[in-house]
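Given next are the chains, with one letter for each unit.
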Amino acid sequence: MTNSVTQDMMANAIRALAIDGVEAAKSGHPGMPMGAADMATALWTRVLKFDAADPHWPDRDRFVLSAGHGSMLLYALLYLTGHEGLTIDDLRKFRQVGSKTPGHPEYGHTAGVETTRPARSARASPPPSAWRFAERHLAAEFGEDLVDHHTYVICGDGDLMEGVSQEAIAMAGHLKLSRLIVLFDDNQISIDGPISLSDSVDQIARFRSAGWAATRVDGHDQNAIVAAIEAAKTSDKPTLIACRTTIGFGSPNRAGTAKAHGEPLGPDEAKAAKAQLGWTAAPFEIPGDLATAWRAAGARGADARKAWTARFAEAGERKAEFERRLAGKLKPEVAAAIAALKDKHAAEKPALATRKASEAAIEAIVPHAPELLLGSADLTPSNNVKAKAAASIAPGSYGGRYIHYGIREHGMAAAMNGLVLHGGIIPGGATFLVFSDYCRPSIRLAALMGVQAIYVFTHDSIGLGEDGPTHQPVEHLAALRAMPNLVVIRPADAIETAEAWQVALERRNGPTLLALSRQNLPTVRGAGAANRVAEGAYELAGADKAKATIFASGSEVEIALAARDLLAKDGVAARVVSVPSTELFAARSAAERKAVIGDAPVRIAIEAGVRQGWDALIGADGLFVGMHGFGMSGPAKDVYVACGITAQAAADAVHKALAGA
């Protein structure tokens with residue numbers, strides 16, 4: 001190593017804080033921060049463009065600690081560089097309830113944390129390549145005088161073992177996302193022991209095969225690390241720098257072993273490690289000269305930020321649009337376009353699959369929402385999310401409005417998180433609803449972080465027909481509705497679909513999922529000024545002295561209306577309530593919900609999915625016409641009949657219940 005005494009001691013400040021934080025919490029992961037401290041010190045003190053006084057500066061370099069279990073590394077860096085709002089007391093409260101230093105970094109919880117990073121999906125949830133792509137996309141629109149930054153990552157062996165890492169690596173290499181620089185903490189240790197127990201991949205060869213530049217350095221030689229980073233900044237490819245490190249560096253008895261990974265060193269080993277590192281300060285104490293050096297590193301980017309601020313002030317119309325985009329404010333033309341589309345559908349009463357109705361909504365919205373960046377996981381002709389005027393993103397050409405993600409559902413959903421976290425973009429991604437299982441970890445992160453992502457998931461039921469039960473979602477709606485802060489909308493017709501898009505675009509504090517049909521559906525209601533989908537559930541067809549209320553979502557609203565007609569012929573008055581979103585309905589007041597649910601003696605729900613979740617509307621004794629197993633292959637109408645989801649089945653169930661009453 002060629003580090004100076006100061007470089008070594010600045011890295012040791014990170015190691016000491018990591019040891020202290022984990023010891024105080026009596027839980028955590030000291031090994032990774034101790035091993036990666038030299039990488040982090042080299043990057044944050046000599047390369048990274050940031051100003052601790054303004055952690056939200058739009059043109060800062062982005063730093064992602066992919067190995068989120070090593071969170072004390074990031075908290076130490078943020079504290080040492082002087083990020084406002086993070087004190088030494090916060091580090092003392094590591095992993096405690098209500099602290100700013102949770103076990104894994106959480107976006108929006110601690111200033112300077114760019115994203116929430118759980119274990120086992122970290123490499124691509126979201127992939128740092130998404131930040132890099134967002135930077136190039138916005139630079140193409142606003143110019144490099146306003147958008148010109150790099151994305152840096154520290155990841156570990158475990159990150160690169162996850163299958164989703166290949167999706168992220170392949171996309172970044174294909175799109176030639178230079179200025180994305182990944183520092184690989186190559187410590188050769190996993191929880192179980194040596195990496196050789198489970199993996200023998202040559203990561204250098206792997207990355208190179210995917211179109212990356214890749215090299216190796218000593219991960220404890222800060223000068224070599226900086227030299228490799230500076231070389232990477234000149235490449236026209238994304239770059240992996242494999243930094244060979246020792247996990248638990250400095251620990252006499254645990255360094256280089258799995259014992260350093262996920263538990264406190266213990267008082268004796270902590271003391272011995274500090275002695276070996278030459279660290280004599282008390283716990284959570286940083287000597288004055290080191291504190292000064294670190295705070296100087298935190299202010300190193302102040303001049304660059306001030307220069308950017310001056311350029312931005314002179315940017316004219318670009319400034320106003322840039323601010324609008326970062327603030328997440330929609331142009332008023334978006335609401336006007338949706339209102340006009342609703343009026344058009346009300347007049348023409350089309351019979352459209354809601355995936356086609358969604359396509360019509362996209363065509364109406366896209367001209368007025370340049371921030372909307374759509375894409376599909378190789379299902380563009382089926383998902384119908386590509387506007388006719390939208391140019392495709394291509395390697396070296398990032399100004400388009402459409403991303404071809406390939407068959408990479410998890411990578412797509414993860415990338416969407418990165419795009420929205422960067423700022424200035426509303427991402428929308430599409431696939432079949434049954435493939436939401438592949439996206440789920442990243443959907444969960446979007447919900448946890450409270451960020452805006454729009455999932456356009458088509459072929460939402462047994463109504464897709466001939467492809468059969470492998471492609472027919474049955475339990476998926478219930479599983480997705482169970483996720484906190486995810487709003488699932490299943491529209492019944494073209495008008496509800498337009499309203500669903502409006503809800504998704506206006507909802508800033510969490511993701512929204514549109515579940516759309518493959519089969520054509522009739523128009524079931526008029527337009528009106530109000531957005532009825534935003535209510536979650538509403539009376540679509542009323543009745544005096546109703547004996548039954550029929551609740552339904554999506555394609556089954558048509559069946560509910562037909563069942564109401566059958567009951568009417570038999571002299572039984574029934575109401576129909578359209579339920580496009582149980583989450584939006586649950587957010588209404590108790591009085592509002594009670595008024596919509598009504599007091600009819602019989603309540604019945606119809607949905608081509610499982611019952612789970614419907615009891616909130618129909619009660620535990622309510623009736624349900626839906627799926628009780630998997631679907632089958634055949635024409636959609638025949639499959640519905642075979643599965644017993646028909647108007648006659650619903651009417652018969654109501655008659656039986658009334659007779660029993």
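Refer to the preceding data block for the structure.
Just so we're clear, the structure is a prediction, and the values are computed from it rather than from any experiment.

## With respect to the overall build of the protein
Across its full length, the protein carries 26 helices and 18 strands. The C-alpha radius of gyration of the protein comes to 28 Å, within 12% of the 26 Å expected for a compact globule of 661 residues. By principal-axis analysis of the C-alpha atoms, the protein measures approximately 90 × 55 × 45 Å. When the 661 residues of the protein are sorted by exposure, 60% land in the buried category. When contacts within the protein are restricted to residue pairs at least 6 apart in sequence, long-range pairs at least 24 apart make up 77% of them. Of the accessible surface of the protein, which amounts to about 24200 Å², a share of 53% is contributed by carbon and sulfur atoms. Computing the positive centroid from 68 side-chain charges and the negative centroid from 73, the protein places the two 2 Å apart.

## Here's the deal with helix α17 (residues 409-422)
Residues three or four positions apart in an α-helix share a direction because the helix packs 3.6 residues into each turn. For α17, spanning 14 residues, the distance from its first C-alpha to its last is 20 Å, which sits close to the expected 20 Å at 1.5 Å a residue. Most of α17 is tucked away, with 14 of its 14 residues classed as buried. The positive-phi residue at the C-terminal boundary of α17 is G423, with phi of around 105°.

## Considerations on unusual backbone geometry
Not every positive phi belongs to a glycine, and R95 is a case in point at roughly 70°. Its place among the elements puts R95 in the loop between α4 (88-92) and α5 (128-142). Judged by relative accessible area, R95 falls into the partly exposed class, the value being 28%. The phi angle at Q188 is positive, at roughly 65°, despite the residue not being glycine.

## Quick look at the sheet that holds strand β12 (residues 512-515)
The 6 strands lie next to each other as β8-β7-β9-β10-β12-β11, forming an open sheet whose pairing is parallel. One side of each edge strand has no neighbouring strand; the edge strands of this open sheet are β8 (402-404) and β11 (487-489). Direction aside, neighbouring strands of the sheet carry axes that sit 20° apart on average. Taken together, the 4 bridges between strand β10 (residues 454-458) and β12 define a ladder with parallel strand orientation. In the strand pairing of β12, F457 is matched with A515. In the packing of helix α20 (residues 494-506) onto the sheet, the strands contacted are β7 (372-376), β9 (426-432), β10, β11 and β12, and the crossing angle to β10 comes to about 150°.

## Considering the packing of helix α1 (residues 5-25) against helix α2 (residues 31-46)
Any two packed helices are characterised by the angle at which their axes cross and by the distance between the axes. Between α1 and α2, whose axes approach to 8 Å, the crossing angle comes to 130°. Taken together, the axes of α1 and α2 are oblique relative to one another. Between α1 and α2 lies a crossing of right-handed hand. Contacts from Q7, D8, M10, A11, I14, R15, A18 and I19 in α1 reach P33, M34, A37, D38, A40, T41, T45 and R46 in α2. Partitioned by chemical class, the residues of the contact of α1 with α2 number 9 nonpolar, 3 polar and 4 charged.

## Brief notes about the nonpolar core
With 65 residues, the main nonpolar core has F133, W212, L419, Y455 and L513 as its most contacted residues. Once residues lying within four places of it in the same chain are set aside, the contact partners of L419 are A130, F133, A134, L373, I403, Y405, I425 and P427. Membership of the second largest hydrophobic core comes to 57 residues, among which are V22, A42, V113 and I241.

## Re the pattern of salt bridges
Tallied over the full model, the rule gives 37 salt bridges. A salt bridge links R60 to E114, with the nearest nitrogen and oxygen atoms 2.9 Å apart. Of this pair, R60 sits in the loop between α2 and β1 (62-65) while E114 is found in the loop between α4 and α5, placing the two residues 54 residues apart along the sequence. Connected via shared salt-bridge partners are R132, E135, R136, E144, D148 and R179.

## Some points on helix α14 (residues 332-348)
If you check α14, its first and last C-alpha atoms are 25 Å apart, about what 17 residues at 1.5 Å a residue would give, namely 24 Å. Contacts from the buried residues of α14 go to β6 (352-353), α15 (354-365) and α20. Count one or two residues on from α14 and you reach K349, which has phi positive near 50°.

## Section: the packing of α5 against helix α13 (residues 317-327)
It is at 11 Å that the axes of α5 and α13 come closest, and there the two elements cross at 150°. By the angle between their axes, α5 is roughly antiparallel relative to α13. For the pair α5 and α13, the contacting residues are L138, E141 and F142 in the first and R318, E321, F322 and R325 in the second. By residue class, the composition of the contact of α5 with α13 is 3 nonpolar, no polar and 4 charged.

## Topic: the sheet that holds strand β4 (residues 213-218)
Strand order in the open sheet formed by 5 strands is β1-β2-β3-β5-β4, with parallel pairing between adjacent strands. Of all the strands in the sheet, the pair left with one neighbour each is β1 and β4. Direction aside, the axes of adjacent strands within the sheet are offset by 20° on average. Both strand β3 (residues 180-186) and strand β5 (residues 239-244) contribute to a ladder of 6 bridges, which runs parallel. Of the residues in β5, the one forming a bridge with I181 is T239. This element, helix α9 (residues 222-232), spans β2 (151-156), β3, β4 and β5 of the sheet and lies at about 170° to β4.

The rules behind each value
- Residues numbered from 1 in each chain as written.
- Predicted model: local features only at pLDDT ≥ 70, side-chain atom pairs only at ≥ 80, totals over all residues.
- Heavy atoms only, no water.
- Helix = DSSP H or I, 4+ residues; strand = E, 2+ residues; numbered from the N terminus.
- Rg over C-alpha atoms; globule rule 2.2 N^0.38 Å.
- Buried < 20%, exposed > 50% of the residue type's maximum accessible area, 1.4 Å probe, protein only.
- Contact = heavy atoms within 4.5 Å.
- Areas by Shrake-Rupley, 256 points an atom, 1.4 Å probe, with all protein chains shown as cover.
- Lys, Arg positive; Asp, Glu negative; His and termini not counted.
- Charge placed at Lys NZ, Arg CZ, Asp CG, Glu CD.
- Expected span 1.5 Å × (residues − 1).
- Pairing = 2+ DSSP bridges.
- Axes fitted to C-alpha atoms, helices over the stretch in contact; angles between N-to-C directions.
- Parallel < 35°, antiparallel > 145°, perpendicular 65-115°, else oblique.
- Left-handed = near helix turned anticlockwise from the far one by under 90°.
- Nonpolar A, V, L, I, M, F, W, Y, C, P; charged D, E, K, R; others polar.
- Core = buried A, V, L, I, M, F, W, Y, C linked by side-chain atoms within 4.5 Å.
- Salt bridge = Lys/Arg side-chain N within 4 Å of Asp/Glu carboxyl O.

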